[in-house]
Amino acid sequence: MPQGSPPQTGEPGWSAAPPDRRPEAAYEQTGAMAAQPYDEPPPRRAEPRAEYAEQPPPRSRARQEARQEARQDGRQEPRQESRQESRQDGLPGGRRDTRQDGRQDMRTLGNQETIVSDAPRRSRRRGSGAPPEPPGPPTKKDGGGGGGWRRFIPSWKVFVAGAVVLAAGLFGMIMVAYANTPVPTTAQSEATAQQSTIYYRDGKTEIAKLGFKREIVPLAKMDEDVKNAAVAIENKTFWEDSGISISGMARSVWMTATGQQLQGASTITQQMARNYYDGLSQEVSIKRKVMEIFVAVKLDETMSKEEILANYLNTVNFGRAYGVEAAAKAYFPGRNVTAAKLTPEQSAYLAARIQQPSWDHDSPALRERFQQVLRNMAELWPDKYGSLPQTAKFPKTRASAGNDDLSGLNGYMVKEVLRELKGRGLTEDEVKSGGYDIISTFDRKLMKAAQTAVKSTMKAYNMSTEYHAGLAAVDPKNGRVLAFYGGDDYLTDPWNEPFQSTKQAASAFKPYVLAAWLQAGYSLKSYVPGNQTVPKVLPGQQKGGIRNSHNVGVSVDVVKATAASVNTAYVSMAYALPGQLEDVKNLVESAGFDQQRMQDDVDVHHYQFAIGSALVTPVEQAAGYSIFANGGTYTKYHVVEKVKLNGKVAYPEQAVRKSVIDAGVAADATIAMQAVLQPGGTAVGKGLGARPAAGKTGTNNDEKEAWFVGYTPQFSTAVGFYREQCMTKTGKVIPPQHSNCPFTKKGSKKFDGNNPYTRPKEVSLGFEGAGPPTIAWQKFMQLAHEGLPVEQFPDRAEVGVPENIVPSPTPTPTPTPEDDNPFGSDNPFDDQGGRDDCLIGCDNNDATVPDDDVQNDDGAGDDFSETNPDDVGLAGQGSAPEPRTSGSRPKSTKPEDQ
């Protein structure tokens, strides 16, 4: 619009034109102008304020160009769109309420069109005094600036500032941690332990010392060569560094943090700090590494290098011994070997062992490490050791650490103690280096008595080395193994018979069926089958069924069935139980027998399980019978009474107890087993005189295994015998070597552990359980009870009610005529000359029952395998059968009811 034209409607100053103003004034009063490109601002015209008409922002670049052309042509741009919008607003006079869209009211005159101004646009508001709207952000033509992904990247200044702050924070934290790390002053007990000692149960008499005695010697009494060798291989910069190696430290921390191979302490000072001082754990962690570094630096500031090296060489692990003095005596032959008299080669050997103490005394890896020590010594001290790598020879060492403390009976006791402690988390290496005082349960007098009883019996029967015997005696009140016999010399025959040999229990297993019978509510007065089982055919039985070796009549009571070891009676009793074999199995598992072995035997042998087809060890049997000697309570058998460290108990006794049967049941079962040693019993005349005793014999098919297990209130003892011949593949019998079958042949290289020269084959003993096993038991029990008071068994409890499986016999049974005897002259039930408790097919003339069908000699017994040591001695997990409701009902002894 030309300058000087009258103002349009809605503009100020209708009568006179406003004074001229600079263009900037308009923006100062109306607020920030609309966003415009900064690099190309639109041209401004110095026009009075009246010339400026506030317009809505341009809708498009095409619209702006149209307006420009209209001004150049001297005509106005039609405002059709503006009028249309005004009409849509529904306001009179074409006015538009701009409160909703943020623009000022605009008036139009009729159909006149609003003048289009070329001035920069301002915010359209009503002049209500509200603050102006802020300008939009500036933009660049090329799209640069803070837009897009670049705005997320901080500048390099931020990076530098952050790094500085982080470094300062870490440094501060390190300094605080370092300042708060105390210098240790207390040595670890392991660093000064004087080996471990195993004692008999008196706590005074030594059985053996384990590990090598640690002898602390001053640095002056260590040869210069051993000092130099240790420095050369473990810490070349020891005499110059500040206790740590930056490169070694970084490598150690990195390898630990990334889970790669374990890196040891990088310097001698760090190793000494970890091995000697209390408060530094052995865990593999960054925290421990950092702590170790701080302690090493502080020790280097407070101790001399000589003191550090002396502590290190007196405590470091060399494998067989801790400390250089003990290690020198452990590895090198000779009486006068000490740390002060070591040769350069011997010194290098000991230094080479520090990295891996578990290496064998002449392993290839150790030899290579030995050469590296020599090279390092020559590098550090060329004048003294320059030619050593070329001239030195690998030193002569002892093949073993010496086994003097394991000879004779000692080795058997030591190994059982170590086995039990390992199960409690204390390894053999920890025992040998921990300085423990271990009090075992073994009684020195009783150990000698066990050996005497067995060996004298074997000598009396002229038994060769093919015969094996195991004896175990347990205190029934607490489960402590007081004595055992498993061999004469551990170094030549390390197999421990009573703990490792598993053999079929035969009829020595029947008392557990008796206990289940009484616990079920039945009494000793019950009558049970004497000549055949009820039912006659039992589930799973083999051809020929289960029979006896002697005639006891059609019907016997439970006491006579026990005394005479009647197979048919006991199998029928097991069948008549409420839970049948499951009741018996649960009870023996509660009495400490291995669950898996029991279940496997039930699966294979079925009702033979009731008369002793299961595999057991003598120590299991001795502990199992303790339920009868101790009022129905079983205590897990064990060989360690306590372990002490520095005068305090570190590992207390583990005596796990559980009630298996009622006390009345135990008392009545004892009545039946006392009859075994009385007239009419299988072991008559072999009791303990006026001292009450009870027990049970056991003889397997073909007399391959023979037992006697018996007890008094003070001792429960089991004795078992078996015989093995060593046979080659061709059937040739070879004499055993120290009771072991040789697996190699002198002069031949074709035989080894995988292809043995001979294998053991179990053969007949030639005697029954009432023979040597009972005699050996009697001898031991007489020696064991010397000087002890006589203790009585509880009185008969008369638990339960009679449960007659068969009718009671008539008072005067009529003898069966010989013509009517279906067995003829070879009556298998004849009392004369029969074996006491054969399982099945016991008549050698019975052609219907071949040896191959005898389940207790199915071939599996020919292999005499070691039991799992981890399974031996575990408390049973089974439960006694629930008593019957009839008669006297003893309280439940099931673990879940306790």
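See the structure shown above.
A quick note: this is a predicted structure, and the numbers were derived from the prediction, not measured.

1. A look at the overall build of the protein
Across its full length, the protein holds 28 helices and 18 strands. Scored against the burial criterion, the 898 residues of the protein give a buried share of 50%. Sequence-distant contacts, at least 24 apart, represent 73% of the contacts inside the protein between residues at least 6 apart. Carbon and sulfur atoms make up 51% of the accessible area of the protein, which amounts to about 43,200 Å² in all.

2. A short note on a positive patch on the surface
Taken together, the side chains of Lys729, Lys732, Lys745, Lys750 and Arg759 make up a positively charged region of the molecular surface. If you trace the backbone, Arg759 turns up in strand 18 (residues 759–763).

3. A closer look at the pattern of salt bridges
Pairs can form between side chains of opposite charge whenever their charged atoms are close. In this structure the tally under the stated criterion is 25 salt bridges. Across the pair Glu791 and Lys477 runs a salt bridge whose closest N-O atoms are separated by 3.9 Å. On the criterion of sequence distance, the pair formed by Glu791 in the segment after helix 28 (772–784) and Lys477 in the loop between strand 4 (467–474) and strand 5 (481–485) is long-range, its members being 314 residues apart. Among the residues examined, Glu791 registers a relative accessible area of 28% and is labelled partly exposed. Classification of Lys477 by relative accessible area gives partly exposed; the value is 42%. The partner of Arg480 in a salt bridge is Glu641, and the shortest N-O contact between them spans 4.0 Å. Taken as a pair, Arg480 in the loop between strand 4 and strand 5 and Glu641 in strand 11 (residues 640–645) lie far apart in primary sequence, 161 residues in all. What makes Glu641 buried here is its relative accessible area of 18%.

4. Quick notes on helix 24 (residues 595–605)
Along an α-helix, residues three or four positions apart point the same way, because every turn accommodates 3.6 residues. Considered for burial, the residues of helix 24 that qualify are Arg597, Met598, Asp601, Val602 and His605. Take helix 24 and look down its axis: the buried residues cluster within an arc of 135°, on one side only. Residues of helix 24 that are exposed and angled more than 90 degrees away from the buried face: Gln596 and Val604. Those residues of helix 24 hidden inside the fold are in contact with strand 6 (503–504), helix 23 (581–590), strand 9 (615–616) and helix 25 (618–624).

5. Remarks on the sheet that holds strand 2 (residues 206–210)
Adjacent strands of a sheet pair through backbone hydrogen bonds, lying either parallel or antiparallel. Strand order in the open sheet formed by five strands is 2-1-3-11-12, and the pairing between neighbours is mixed. Each end of this open sheet is capped by a strand with a single partner; those strands are strand 2 and strand 12 (648–651). Ignoring strand direction, the axes of neighbouring strands in this sheet form an average angle of 25°. Pairing between strand 3 (residues 437–440) and strand 11: four bridges, direction antiparallel. Across the sheet, residue Ile439 finds its bridge partner in strand 11, namely Lys642.

6. Points about the side chain of His638
Tracing the sequence through the fold places His638 in the loop between strand 10 (633–635) and strand 11. There is a polar contact of 2.9 Å between the side chain of His638 and the backbone oxygen of Lys636. Within the local environment of His638, its side chain forms a polar contact with the side chain of Glu653, the two groups lying 2.6 Å apart. When residues no more than four places from it in sequence are discounted, the contact partners of His638 are Glu420, Thr441, Asn478, Gly479, Arg480, Val481, Glu653, Gln654 and Ala655.

7. Points about the nonpolar core
Judged by nonpolar contacts, the single largest core of 129 residues is most densely connected at Phe442, Phe628 and Phe780. In this view, Phe628 contacts Pro511, Tyr512, Ala515, Ile661, Ala666, Ala669, Thr670, Met673 and Tyr711; residues no more than four positions away in its chain are not counted. Val226, Met303, Leu388 and Phe394 belong to the second largest nonpolar core, which has 50 residues in total.

About the criteria used
Residues numbered from 1 in each chain as written. Predicted model: local features only at pLDDT ≥ 70, side-chain atom pairs only at ≥ 80, totals over all residues. Heavy atoms only, no water. Helix = DSSP H or I, 4+ residues; strand = E, 2+ residues; numbered from the N terminus. Buried < 20%, exposed > 50% of the residue type's maximum accessible area, 1.4 Å probe, protein only. Contact = heavy atoms within 4.5 Å. Areas by Shrake-Rupley, 256 points an atom, 1.4 Å probe, with all protein chains shown as cover. Patch = residues over 30% accessible without salt bridge, like charges linked within 9 Å, V, L, I, M, F, W, Y side chains within 5 Å. Salt bridge = Lys/Arg side-chain N within 4 Å of Asp/Glu carboxyl O. Lys, Arg positive; Asp, Glu negative; His and termini not counted. Charge placed at Lys NZ, Arg CZ, Asp CG, Glu CD. Arc of directions from axis to C-beta. Pairing = 2+ DSSP bridges. Axes fitted to C-alpha atoms, helices over the stretch in contact; angles between N-to-C directions. Polar contact = N/O pair within 3.5 Å; in protein donor to acceptor, adjacent residues only side chain to side chain. Core = buried A, V, L, I, M, F, W, Y, C linked by side-chain atoms within 4.5 Å.

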